[in-house]
Each structure stands twice: as structure tokens, then as C-alpha cells.
Amino acid sequence: MLAQIERLGATTITRFEDLGRMGIFLSRVFSSIFSRPFGFRDLLKQIAFIGASSMPIILLSGLFTGMVLALQFYAVMVDFGAVELMGAAVSKSLVQELGPVMTALMVIARVGSATCAEIAIMRNEQQFDALTCMAISPYRFIMVPRLLAAIISLPILTSIYNLIGIFGGYLVGVYLKGLSGMAYMQTIENSITWSDLKMTFIKSIIFAVILIWIAMAKGFFVHLEKGVSGAEAVGKVTTKAVVASAITMLFADYIVSSFLI
Amino acid sequence: MSFDCSDYKQYKRLHLSGEVDLHNSPDVRRCLLDILNRKKSVIVDFSDLTYIDSSGMATLVEGLNIANKMNLTLTIVGAKDAPLQVLQLTRLNQVFHIVESLEDIEE
Amino acid sequence: MSDSQALIKVNNLSSAYGERKVLFDIDLEVKQGEILVVMGGSGSGKSTLLRNMLGLMMPSQGEILFNGKDICKVNQAELAKLRQSMGVAFQGGALLSSLSVGDNIKLPLRQHTDLDEKTISIMARLKLELMNLAEYEDLMPSELSGGMLKRAGLARAVIMDPKILFFDEPSAGLDPVTSVELDQLILDLREAMNMTIIVVTHELESAFKIADRIAVLFDGKLVTIGSVEHIKACSDERVVNLINRKPRINPLDADKYLSRLTKGS
Amino acid sequence: MKKISLELIVGLFIVFGTASILYLSVAVSGLSIFEADGYHLKAKFENSSGLKKGAVVEIAGVKIGQVESINLDTDTQESLVWIKVQTNVEIQDDAVASIRTAGIIGDKFIKISTGGGDPLEDGDEIIETEPSISIEELISKYMFSNES
């Protein structure tokens, strides 16, 4: 019994240590943003990877989410005779909630996992040691471009997701359920306010920081993983990073929503 | 490190002394390119040179390439000790025209 | 080499991973222009010693002085300056996987100097030629073999013409011919550039060939340090075993052996 | 070739993305970066419950303006609503402004029924108004007429 409590205590301490280490990591990345020289090409590469290459998955998932939303709202709203408000319902749920969250989930799956594995392998191959020995800060050289690229890309991807989702809802509402296209667009215009858009942006930027931070930090500290090493450790931290960033992201979503709604 | 540029017969003589390293090789480069732009053949005098790093060597290689293209010559004079060893290590002694002293240069 | 002033001094160094101590009270000196080979079997602590000397790991005790400056105590700017005069060739090359071989080698120059791109490019090619890698400039590290990666790593380590070169396991995993070439290259670099070179290895032949002095580590302790002749003549059992490649023999207690084998059943 | 395509990809992505951000904020949410031309009118309502800033003002079902501000007129204890109307639309001094609801639970908007008097100018008041219709009235309307 005592041993179990002891073990619990030890695990708790380890968890706190992990958290502290990741916090220090993030603060180092942020404080390296303004140090010279700035890797502009690396930033472009990362925007191409995090942003541009995510377009297909974002377009597809956004379209289908919008279509499904329209179907479901129609089924519910038809009973109340409120189908004219479908545009408002679809766009409000997308802009406030589904857009930022689904985009972030897609990017976690595509980019978070890849980034974590890449950085973990760099650690295993002593690439960070080599950078340090060349007096090149890994934070500035490797982490900062990824962080900035995520912060730039996510709001853009989220906006695209929102738009394509609204378009998907339009397709279902207007062509499948016979609503008036004008009414659909008109209710959207009336219901979406500046604060909704602000919410979309604030959320997507916060999610961007969370997902890239956890992916990078988990990869960066792969060598501290207990009981595993090499390829197995890379796999393990990648899984951990995906799960942890998804959960942290949803938790942050709740906090931000409760402050902004 | 210091270098100076003077006339020697129909050539320009670039006299390097001391140590050429990362910090001063851009100055050497500017001077060398300037001479070649004025369509003059160059003698690079190594006799007072104690050390030359690879940025200095790279500068001379670039100069040689330009000189060859313009039908000019780039000759290294009086290489010894460490600079000579660097030339040998990088096998550039087979690329450059190297002579022992100024008297060995043909008109 | 006539200059007998110590460039690097390691005083009373101990190091540990968490609770596990791996280095005990190491003292050694490296002179300007000297090639020092650190030898030992696997687990002897030689890689840990290297990590400590590079400032990648903080020692639990003792100091490491470069030109009289303790790398554990200098500030970031000074450390960065110190590191620019040091080159490190890692075991697997440790090239950045996202950059081509050429860009990897040019990286330190692009980050730390204002040299013209043309000069940088010629400098990189000079080093690639030196390592017999001329035609691999535009390839990605993933397209190179282990031996090529090691040589590319060495090219990057010497691109800034460092005063001190650290080399981790130069001949591990190389074919004999390449390994001999690499040994010759280390000697040439010292000869032409007057580099101070510290090589960590477990290969006897290459150590005897290149070393001015050899330091032998065993279980985290410095057994002996001295010239090749000194090591060959050394009578310490651990050194003799290392030189003669004798397997470690632990005295066997039959009862304990049996109980170890059948533990838990 | 490879270099060009990287910049091109990123450039296209950012242009495309910024366009969609702009579209979201301008077209979808009805925010106008450039102030549209128009003139202001005020109207006092007995009750403007549910009416919001930015709500639509329409004539015969066509949007002709929007609500600029809603305040309490402290003298009369009525709701003072300022609306902005497009320049090319004339509203007469005997027009009637009424607050209506789209559908049962939809947004409130202001419906203006035009009259035949002199046109109103910037800063004038629409005297005749109808307040927000209560839900009971709405239901009775639904039951006794087909007007929607």
C-alpha cells in the first residue's frame, strides 16, 4: 500500500517535471524569435509544409463537415419551421467552434505527428548536439520557423475551412433541400458578427501554438523517455504528442469559449 | 594582417603579410577582384604570409578562375611553411602557378 | 608541437547520469597541436568525457578549461565564440536531414560569417574534395552511406578551420581502406593547419597510428595516459587486456552462477 | 525550378488564405471596410426588444440599410434607433417603420412601409413606428392569415 502511494508520488513528480521542462522549452522558443539571423527560407518551407500542403485535407474535411451540418440542422429545424435559419446555424457552428477545432485536429494528425517524429529522429542522430557545437541555437534554427509557420498557417487554414464548410452547407441546403440561396446567405450575414470572427482567429492561433509546441517538445525530449530508445521511442513520443496535443487543444477550446461567448 | 598593392613590371603585386582569416579575407577579395577588373595580371606574394585559412584560399581560387577567363595570370610567389602545406593538402599547388621568388617571373 | 602550453585542461572531472556515476576524477591535458586519442571499451565513459568537454553535459564536479576559460562558467556569448573555434565530427555525421550535403557544410559559414556566397561555395567544395565527396554536394544526407556521412560530418567540422577538432569514433563501421584514408587525413590536418585533435575511439590500429598520446579509460576511470610506447609498455592488466583484445574474465562462483540462471523459478 | 515552386506555393497559399479571410469578414459578416454611402434617419419605438445593432432595414423585402445604434431616449423613455439608408433610396415623412421577426425565432429587422409625402433628409425622424411584435401577436397572425 505504502509502496503504491510512493509510486504515485513519484509519477506525479515526474509529470510536473515534464510539464516544467516543456514550459521552459516554449519560453526559450519564444525568446529566440527575435534573435538573428532569421531563417526566412526555413519559414517558407515550413509554411509550405504546415499550410499549403494541408489544403487538400482541409478542403475535403471542411466540405463534408458543412454538408453534414446542413443535413442535421435541416432534420431538426424542419420541425420548428425554422429552416430559413440554416445558414446562420451552419456558419455559426463552423466559425465559432468546428472550424478552429477540426482544422487543428487535421493539422495535428498531419503535421504534429510528422514534426514530432522528425525532431525526435534529429535528436537520436545527434543533430541537435551538432547544432549546439556549431554555436547555432536549435531553438532559433529549428523551432522558431515551425512555430511561426504554424501561427501564420492555422488562421488561414481555419478561414478556408469555414468558407468551404459554409459552401458545403449551401450545396445541401439549396440544391438538396430546396432552400433559397439568397436566404441562406442573408441569414449568415445577419448572424455572424465581428466577435465570432475574432473567436475563430484567437482559437486558431492558440491551437497553433499548442499543437506545434507539444509536437516539438515531445520530440526534442525523446532521449529522456524512460525504458525505450531508438525507433521505439520515436514511435512512443509521436503517439504521446498527438494524444496530448489533441486533449490540450480541446481543453483550451473550452476555456477560450467560456471566456469569449 | 596587412596587404598592399604595387606595380611590378607589367603585373600588379598583391603583397600579403601576417595571417589571412575569415575576418580579413573579404578585404583581400575586394582588392583582388578590383585588380582583375582593371585587366591586370596578378602576383600574389606569400613571402611574408604566416597563415592563410580556407576562406583566403577560396578567394584566390575565385580570382584564378576569373583571371583564366580573361586571359590574365595569377601567380603565387614565395609560398612556404603553413601556407605551402595548406596548398599541398588541398592539392591547389597543382592548380596555381607557383614560383619561388619574384625573379622567376617571366616578362 | 614544440609549444608545450596546455590548450585544454581537464581537472578532477566527475560526471553522472542522474544517480549513475560514469566518470571519476579525470585529469588530463591536451597541448597545442597535439593529437590525443581517448581509448576504452564500450561503457568506459569515453563518450561521456567527450560530451562534457563539448559542454553538452554539465559535469557533477571538476572543471574543463580551454585556454584557461572554464566552459561550464563562461557566458553564452563567450561560449558561442569558443565553439566557433572548435569543430566536432560526430559518429554518424549528424548532418541535418533537411539540408543537402553542401548546405550542411556551408551552414556554419552562413550562420557565423559575412563571407560572399561565392567564397563560401568554393570553401565548401575544397573541403568536399579533401574528403573525396566532390560529386555528392547536392545529395541529401539520406542518400549517403555511413562512411560518406562520417566524412561529410568531418568536412563540416573543419569548414571554419577550427583550432581544435573533436572526432568521435572516426573508424567505427568503416571499411579498412576508408579508415586508413581518414587516419591519414587527420595527420594531414594537424600538419597543415596545426590543429589540436582529440579522437575518441576503440580502434587500436588507428589509435597507434595517429596518436601523440593515448589516454585509456576503464569503467569511468583514467587508467593511464602517455605516448604510444608508454601504452604498449604499460603493465596495467586493464591496458594489457585492451591491447591484446582479451575478453574480460570474471571469476565464476558456481553456486551464484546457478542461482542467477534459475532466478525466479 | 525547385526554388521557384516553394515561393510560388507559399505565395499562392497566403494569397488564397488572405482572400478567404477578407471574404469572411467583408462579405459574410457584412462588415464594410469602406463606409458605404448613405444617410441617417432616426425612429423612436415604444419597444425595440430583440433588435440588434447591424440588423437589416428593408422595404418590400429588399435590404436598403441597417441599424446603426440603439439607445434609450431619456425624455420619452422610448427606444431611439438610428438607421442608415442607402443614398439612392427615398423615404417619405409619412413612412411607417415597424420591427418584425424573420420566421418564428429568427432575427429582428426593421420593415419600412413607404408613404407618399416629402422625402426625409439626413438626421430626420420617421415619426410613425410600430414596436416589436410580441410572440402572442405573432402566433395569432400565423393562425388567422397566410401572410408570412
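Above this note sits the structure.
How each quantity is defined
- Residues numbered from 1 in each chain as written.
- Chains lettered and ligands numbered in written order.
- Predicted model: local features only at pLDDT ≥ 70, side-chain atom pairs only at ≥ 80, totals over all residues.
- Heavy atoms only, no water.
- Helix = DSSP H or I, 4+ residues; strand = E, 2+ residues; numbered from the N terminus.
- Buried < 20%, exposed > 50% of the residue type's maximum accessible area, 1.4 Å probe, protein only.
- Axes fitted to C-alpha atoms, helices over the stretch in contact; angles between N-to-C directions.
- Parallel < 35°, antiparallel > 145°, perpendicular 65-115°, else oblique.
- Left-handed = near helix turned anticlockwise from the far one by under 90°.
- Contact = heavy atoms within 4.5 Å.
- Nonpolar A, V, L, I, M, F, W, Y, C, P; charged D, E, K, R; others polar.
- Buried area = accessible area lost by both parts, 1.4 Å probe.
- Salt bridge = Lys/Arg side-chain N within 4 Å of Asp/Glu carboxyl O.
- Polar contact = N/O pair within 3.5 Å; in protein donor to acceptor, adjacent residues only side chain to side chain.

Caption draft 1: Structural view of the environment of Asn11(C). Residues and elements named next belong to chain C. Looking at the element boundaries, Asn11 is found in strand β1 (residues 6-17). Residue classification places Asn11 among the partly exposed residues on the basis of a relative accessible area of 22%. It is 34 Å that separates the C-alpha atoms of Asn11 and Leu96, two residues lying 85 residues apart in sequence.

Caption draft 2: Structural view of the packing of helix α3 (residues 101-112) of chain C against helix α4 (residues 117-130) of chain C. Residues and elements named next belong to chain C. Between α3 and α4, the shortest axis-to-axis distance is 9 Å and the interhelical angle comes to 125°. With respect to each other, α3 and α4 are oriented oblique. Remark: the crossing between α3 and α4 carries right-handed chirality. Within the contact between the two elements, α3 uses Val101, Ile105, Lys106, Leu109 and Arg110 and α4 uses Glu117, Ile120, Ser121, Met123, Ala124 and Leu128. Taken together, the residues of the contact of α3 with α4 sort by class into 7 nonpolar, 1 polar and 3 charged.

Caption draft 3: Quick peek at the interface of chain C and chain A. Counting residues at the interface gives 21 residues for chain C, matched by 16 residues for chain A. Taking both sides of the interface into account, the surface hidden between chain C and chain A amounts to around 1600 Å²; carbon and sulfur atoms contribute 62%. Summed over the three residues of chain C that lose the most area to chain A, namely Arg83(C), Leu96(C) and Gln111(C), the buried surface amounts to 30% of that side. If you look at where chain C meets chain A, you find 1 salt bridge. The residue Arg51(C) makes a salt bridge to Asp129(A) at a minimum N-O spacing of 2.8 Å. Connecting chain C to chain A are 5 residue pairs in polar contact (both at pLDDT 80 or more).

Caption draft 4: Broad picture of the interface of chain D and chain A. Listed per partner, the contact involves 26 residues of chain D and 30 residues of chain A. With both chains or domains summed, chain D and chain A bury close to 2400 Å², and 79% of this area falls on carbon and sulfur atoms. The interface formed by chain D and chain A contains 1 salt bridge. Arg41(A) is paired through a salt bridge with Glu7(D); the nearest N and O atoms lie 2.8 Å apart. Where chain D packs against chain A, one counts 1 residue pair in polar contact (both at pLDDT 80 or more). Counting residues per element, the side of chain D that touches chain A draws most heavily on helix α1 (residues 2-28) of chain D, at 16 residues. Its residues assigned to classes, the side of chain D that touches chain A shows 15 nonpolar, 7 polar and 4 charged.

Remember that the coordinates give geometry; whether it matters functionally is a separate question.
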